[in-house]
2 protein chains.
Amino acid sequence: MVNVGIIGFGTVGTGTARILLQNREIIRRKSGLDINLKRIVDRDTERDRGLDLPEGILSARIEDILEDSDIDIVVELIGGIHPAREFILQALESDKHVVTANKALLATEGGEIFETARRKNLSLGFEAAVAGGIPIIKALREGLAPNNILSIYGIINGTSNYILTRMTGEGMGFSEALSEAQRLGYAEADPTFDIEGIDTAHKLTLLASLAFGIPLSYDKIYIEGISRITAQDIDFARELGYKIKLLAITKISNGKVEMRVHPTMIREDYLISKIDGVLNAVYILGDAVGETLYYGRGAGDMPTGSAVVSDILDIARGLRGGLETRRELDFIGSQNDIEVMEIGDVESMYYFRFSAIDRPGVLSRISGILGANNISISSVIQKGRRVGEAVPLVLLTHTARERDVRKAIEEIDRLDVVSEETMMIRVEGEGVQ
Amino acid sequence: MVNVGIIGFGTVGTGTARILLQNREIIRRKSGLDINLKRIVDRDTERDRGLDLPEGILSARIEDILEDSDIDIVVELIGGIHPAREFILQALESDKHVVTANKALLATEGGEIFETARRKNLSLGFEAAVAGGIPIIKALREGLAPNNILSIYGIINGTSNYILTRMTGEGMGFSEALSEAQRLGYAEADPTFDIEGIDTAHKLTLLASLAFGIPLSYDKIYIEGISRITAQDIDFARELGYKIKLLAITKISNGKVEMRVHPTMIREDYLISKIDGVLNAVYILGDAVGETLYYGRGAGDMPTGSAVVSDILDIARGLRGGLETRRELDFIGSQNDIEVMEIGDVESMYYFRFSAIDRPGVLSRISGILGANNISISSVIQKGRRVGEAVPLVLLTHTARERDVRKAIEEIDRLDVVSEETMMIRVEGEGVQ
């Protein structure tokens, strides 16, 4: 029997406890492992979580987990940096394996935590930190271990994907879709982490390190959120055969690792562009396996709890066999010599929406500046003739370099015939399906 | 260092060897495991596989693997029942772990093989037996282990999916699409296993036992292939908002396990209906995780090789830690008390295409027989009025019982106004996305 203690009895804590209690027998039959939920610690021991807990499990004292020598695995589900970091480090120092869903903590302070787990020869499971119930960490670390990973594209924030889906399907504006998401509980009162790409970047940090062995590099990710996307851009994208998704992208290009999070136009016939609502999907390209995609619920009590419990089972399996599971962490940070590419060096296709005064010669002036900056045009949409007034002028480019694009847009935005800041959205081509 | 011997140097054998040789260093860095390809045995030691093998690896003598006490893991990739079965059993009796991609063997004779592996406390990896490079066995056995699995829907035969995709996209007939698939190497000269659903049923056998713990039950699967599907049915399906896919289905209904392989109409806005060409996808519904889907290449040297090598790595990890990996096999066959449902008891929605003489009262006679058999109609398409001649009459039903449907069709096909055997295709509703 393996004893588990959960710190944090919120949404995911409740889901995890529910699975451990209700599915204990099927888990035992499937894996031969008997997992005993020995303790749950939370400041609030009163609130009804709709779960029948065995007597004496719930406590408000953190020592009841961290100082209980019977507890083999500590599950941290309080989120945030402090005191989650201190609890995890203390658990490891007390020779307890750790499972966490805390992507913000691992992405920003994971170095010290992984190092401590390594030193103590303990496991640290974080399947639940990326894409909720989808077993994506296991796929990347074990299922696809024979591969050189070439690229990963992920829709890994359900809130943003819900908002973009509603904007696309119902023609809503950003604010309206956000309000609806908040009303439905898909977005928090302060939605910054989700809509500005920060949560996505936390998860991308973990995926990139698992895929390429680079150190955790959250602060090197280029991040752009979805709040500036307009219904007009979504319409133009549709007209051009694309959908707009908030993508986490990491890939090897010219010997460096690209790491970026931004709204991205993806051809509407590609599978990943069909992932709608709060659902998540991760596309992984490996040199042997080719393209693979993993889809499911990226959040919620039971899906995330499923991922937490799968980590508990992996560790318990290791305990039974004496397996040194922590070896899997050694790859992260082992590839110190691979640099993260600066955003200026990234190559992509681009969508521009200029607000241009409808006057002869405007297209030629804009395309002249693009050409002078090595940017060539693949499509043009110009609509709504209103001579002398500003109308949207939409261009799609062939592959260009971000540094050139930024320089060109700066020049164009200074033209007297351009009345507003130009909208730019990156376009993914053949790399992602 | 872990020593591996491969039996069978065909397509998958070559892919596996290529990955082990070319990716040895990245595998070592990721997993800390050094996998040494010590021997490949094949009757044909002359043919050029386009691979630079280290001297002395290739042999025509099976003893060079089975009697080499240095070899820890034997990889069986010759396919077919004999002598694959004998080689695997002999390897296990010689205390070697086994990895195989042989779904036909495991589905039909797996009981003895799993039992031998259990008795000898050895691992038996078969990730490559289902859905090629997609790590679906790992997802089901480990990633989703916390779940009661509720249902699985799979497109797990690339040949059939390619043929149906071409029939759908290009309006080809079945024979034309099959010929093209053969020309392109996607279908074999004798395509029976692929187009008649047998290969799909082999794979479903393994998925159902992993999901529900039932004994391997290939002979209880209801199997129907795609050769009777016409371009006309694909057109009617499209008109009704559906695509036709060859699905492997297994789920728990009324305390029994459904296991069936047949052409299935799926709503075209569901993700699994968008899986085209030779690609595979498996949809799994778990009680905690909810819906998940796994997508990728179901065949080919390198994708399947990726799955083979991932099994090798799992076993090697176990060897390092002394892990009893074979415990994972214990679930298969542990749930002897769950019966497989007879096809007559299955409930589904149905598509019927009747060849009915265009004459007043025909629809009422047909719908009368359906009604008398507890089958209610949800949609009707009647096209091309040619009074006195046979025209297609298409009906979609609400949920009905297969036994009733068969009885009704038998009655209807005896009517003097019905000129040909009725076409029936099962329709999946809300269960699958």
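Thresholds applied
Residues numbered from 1 in each chain as written. Chains lettered and ligands numbered in written order. Predicted model: local features only at pLDDT ≥ 70, side-chain atom pairs only at ≥ 80, totals over all residues. Heavy atoms only, no water. Core = buried A, V, L, I, M, F, W, Y, C linked by side-chain atoms within 4.5 Å. Buried < 20%, exposed > 50% of the residue type's maximum accessible area, 1.4 Å probe, protein only. Helix = DSSP H or I, 4+ residues; strand = E, 2+ residues; numbered from the N terminus. Contact = heavy atoms within 4.5 Å. Pairing = 2+ DSSP bridges. Axes fitted to C-alpha atoms, helices over the stretch in contact; angles between N-to-C directions. Parallel < 35°, antiparallel > 145°, perpendicular 65-115°, else oblique. Left-handed = near helix turned anticlockwise from the far one by under 90°. Nonpolar A, V, L, I, M, F, W, Y, C, P; charged D, E, K, R; others polar. Least-squares fit on C-alpha atoms with pLDDT ≥ 70 in both. pLDDT = per-residue confidence, 0-100. Expected span 1.5 Å × (residues − 1). Arc of directions from axis to C-beta. Buried area = accessible area lost by both parts, 1.4 Å probe. Salt bridge = Lys/Arg side-chain N within 4 Å of Asp/Glu carboxyl O. Phe/Tyr/Trp six-rings, centres within 6.5 Å; stacked < 30°, edge-to-face > 60°.

**Q** Would you mind showing me how to read the nonpolar core here?
**A** A general tendency of soluble globular proteins is for nonpolar side chains to be buried together. Among the nonpolar cores identified, the biggest contains 167 residues, and Leu124(A), Phe126(A), Ile136(A), Leu124(B), Phe126(B) and Ile136(B) are the most heavily contacted of them. By residue number, the principal contributor to this core is helix α10 (residues 198–212) of chain A, which donates nine residues. In this view, Leu124(A) contacts Ile88(A), Val98(A), Leu106(A), Ile113(A), Phe114(A), Ala117(A) and Leu329(A); residues no more than four positions away in its chain are not counted.

**Q** So what exactly am I meant to see when it comes to the pairing of strand β17 (residues 423–428) of chain A here?
**A** Side-chain positions along a regular strand alternate between the two faces of the sheet. Residue and element names in this part refer to chain A. Across the six residues of β17, six count as buried, placing the element largely inside the fold. Here β17 shows no split at all, with Met 423, Ile 425 and Val 427 on one side and Met 424, Arg 426 and Glu 428 on the other all buried. Two elements, strand β10 (residues 256–267) and β17, share three bridges in a ladder whose sense is parallel. If you follow Thr 264 over to β17, its bridge partner there is Arg 426. Here strand β13 (residues 347–357) pairs with β17 via five bridges, running antiparallel. The residue bridging Phe 352 from the neighbouring strand is Met 424, located in β17.

**Q** Looking at this structure, how should I read the environment of Gly80(A)?
**A** All names here are of chain A. Inspection of the secondary structure puts Gly 80 in the loop between β4 (73–76) and α4 (84–93). A C-alpha to C-alpha distance of 31 Å links Gly 80 and Arg 426, two positions 346 residues apart in sequence. Sequence-distant contacts of Gly 80, that is, excluding residues within four places in its chain, are made with Asn 102 and Leu 105.

**Q** Help me understand the packing of helix α13 (residues 362–372) of chain A against helix α14 (residues 402–413) of chain A in this model?
**A** In a pair of packed helices, the angle between the axes and the distance between the axes together describe the arrangement. All names here are of chain A. Two numbers describe how α13 lies on α14: the axes approach to 9 Å, and their chain directions differ by 150°. In this view, α13 runs roughly antiparallel relative to α14, as classed from their interaxial angle. Crossing geometry of α13 relative to α14 is assigned as right-handed. Residue-level contacts link Ile 366, Ile 369 and Leu 370 of α13 to Ala 408, Glu 411 and Ile 412 of α14. Tallied by class, residues from the contact of α13 with α14 come to five nonpolar, no polar and one charged.

**Q** Even after reading the chapter, I still don't get the sheet that holds strand β2 (residues 35–41) of chain B, so can you show me in this structure?
**A** Hydrogen bonds along the backbone pair up the strands of a sheet, which may run parallel or antiparallel. Residue and element names in this part refer to chain B. On the basis of which strands lie adjacent, the open sheet formed by six strands has the order β3-β2-β1-β4-β5-β6 and parallel pairing. Only two strands of the sheet have a single partner each, and these edge strands are β3 (58–59) and β6 (124–125). Pairing of strand β1 (residues 2–7) with strand β4 (residues 73–76) involves four bridges; the strand directions are parallel. Following the sheet pairing, Ile 6 is matched in β4 by Val 75.

**Q** Can you walk me through the environment of Leu370(A) in this structure?
**A** Residue and element names in this part refer to chain A. Relative to the helices and strands, Leu 370 is located in helix α13. Taking the C-alpha atoms as reference points, Leu 370 and Gln 335, 35 residues apart in sequence, are found 38 Å from one another. Ignoring anything within four residues of it in the chain, the contact list for Leu 370 reads Phe 352, Ile 375, Ile 377, Leu 395, Ala 408 and Ile 412.

**Q** Is there a simple way to think about the relation of the copies chain A and chain B in this case?
**A** What relates the pair of chain copies is a rotation about an axis plus a shift along that axis. Once turned by 180° and shifted 0.0 Å along the axis, chain A lies on chain B with an RMSD of 0.0 Å. As the rotation angle and translation indicate, the two copies are arranged about a two-fold axis. By C-alpha distance to the rotation axis, the residue of chain A lying nearest is Tyr294(A), at 2.4 Å.

**Q** What am I meant to see in the confidence of the model for chain A here?
**A** Keep in mind that low pLDDT regions are not for reading the predicted coordinates in detail. Taken residue by residue, chain A gives an average pLDDT of 94. The fraction at 70 or more is 97%. Here the complex is predicted with pTM 0.96, and the ipTM for its interfaces comes to 0.96.

**Q** Sorry if this is basic, but what is going on with helix α14 (residues 402–413) of chain B here?
**A** An α-helix turns once every 3.6 residues. As a result, residues three or four positions apart point the same way. Residue and element names in this part refer to chain B. Relative to the 16 Å expected for 12 residues at 1.5 Å per residue, α14 spans 16 Å between its end C-alpha atoms, a close match to the ideal helical length. For α14, the complete set of buried residues consists of Glu 402, Asp 404, Val 405, Ala 408, Ile 409 and Ile 412. Considered in projection along α14, the buried side chains sweep an arc of 150° and stay on one side of the axis.

**Q** So what exactly am I meant to see when it comes to the interface of chain A and chain B here?
**A** Interface extent is often summarised as the accessible area lost during association of the parts. Listed as interface residues are 52 residues of chain A and, on the opposing side, 52 residues of chain B. Of the roughly 4900 Å² buried at the junction of chain A and chain B (both faces included), carbon and sulfur atoms supply 55%. Together, Lys30(A), Pro146(A) and Tyr295(A) form the three largest contributors to the area buried by chain A at its contact with chain B, with a combined 15%. Between chain A and chain B we count four salt bridges in total. Secondary structure elements with two or more residues in the side of chain A that touches chain B: α2 (24–31), α6 (136–143), β12 (290–297) and α12 (301–321) of chain A. Considering every element that reaches the side of chain A that touches chain B, the biggest residue donor is α12(A), with 10 residues.

**Q** Quick question: what am I supposed to make of the pattern of salt bridges here?
**A** Close approach of charged atoms allows side chains with opposite charge to pair. Overall, the coordinates contain 87 salt bridges over all chains when judged by the stated rule. Here Arg426(A) ties to Glu224(A) by a salt bridge, and the two come within 3.0 Å at their closest N and O atoms. Remark: Glu224(A) occurs in the loop between β8 (222–223) and α11 (231–239) and Arg426(A) occurs in strand β17; sequence separation between them is 202 residues. This pair shows no difference in class: Arg426(A) is buried, exactly as Glu224(A) is. Here Lys251(A) and Glu428(A) are joined by a salt bridge, their closest N and O atoms 3.9 Å apart. Pair noted here: Lys251(A) is in strand β9 (residues 242–253) and Glu428(A) is in strand β17, with a separation of 177 residues, a long-range link. Assigned by exposure class, Lys251(A) and Glu428(A) land together as buried. Sharing partners across several salt bridges, the network here consists of Lys138(A), Glu142(A), Asp314(A), Arg317(A), Lys138(B), Glu142(B), Asp314(B) and Arg317(B).

**Q** Which parts of the structure should I look at to understand the packing of aromatic side chains?
**A** What characterises a pair of aromatic rings is the spacing of the ring centres plus the angle enclosed by the ring planes. The final tally for this structure, using the stated rule, is 11 aromatic pairs over all chains. Ring geometry for Tyr153(B) and Tyr283(B): centres 5.9 Å apart, planes at 70°, overall edge-to-face. On the criterion of sequence distance, the pair formed by Tyr153(B) in strand β7 (residues 149–155) and Tyr283(B) in strand β11 (residues 279–286) is long-range, its members being 130 residues apart. The same class applies to Tyr153(B) and to Tyr283(B), which are both buried. Seen from their ring centres, Tyr350(B) and Phe352(B) are 6.1 Å apart, and the 10° between their planes marks the pair as stacked. Taking relative accessible area as the criterion, Phe352(B) reaches 0% and is therefore assigned buried. Ring pairing ties together the aromatic residues Tyr350(A), Phe352(A) and Phe354(A), which thus form one cluster.

**Q** Just to check I follow, could you spell out the pairing of β11(B) for this structure?
**A** All names here are of chain B. In terms of burial, β11 is largely enclosed, as seven of its eight residues are buried. Strand direction decides the pairing type here: β7 and β11, joined by six bridges, are antiparallel. Among the inter-strand pairings, Ser 151 is bridged to a residue of β11, identified as Leu 285. Sheet topology places β11 next to strand β12 (residues 290–297); eight bridges connect them, and they run antiparallel. If you follow Leu 279 over to β12, its bridge partner there is Arg 297. Two successive antiparallel strands, β11 and β12, enclose a turn made up of three residues.

**Q** For this particular structure, what's the right way to read the sheet that holds strand β6 (residues 124–125) of chain A?
**A** Read from one edge to the other, the open sheet built from six strands follows the order β3-β2-β1-β4-β5-β6 (chain A), with strand pairing classed as parallel. A strand with exactly one partner marks an edge of an open sheet, and here the two such strands are β3 (58–59) and β6 of chain A.

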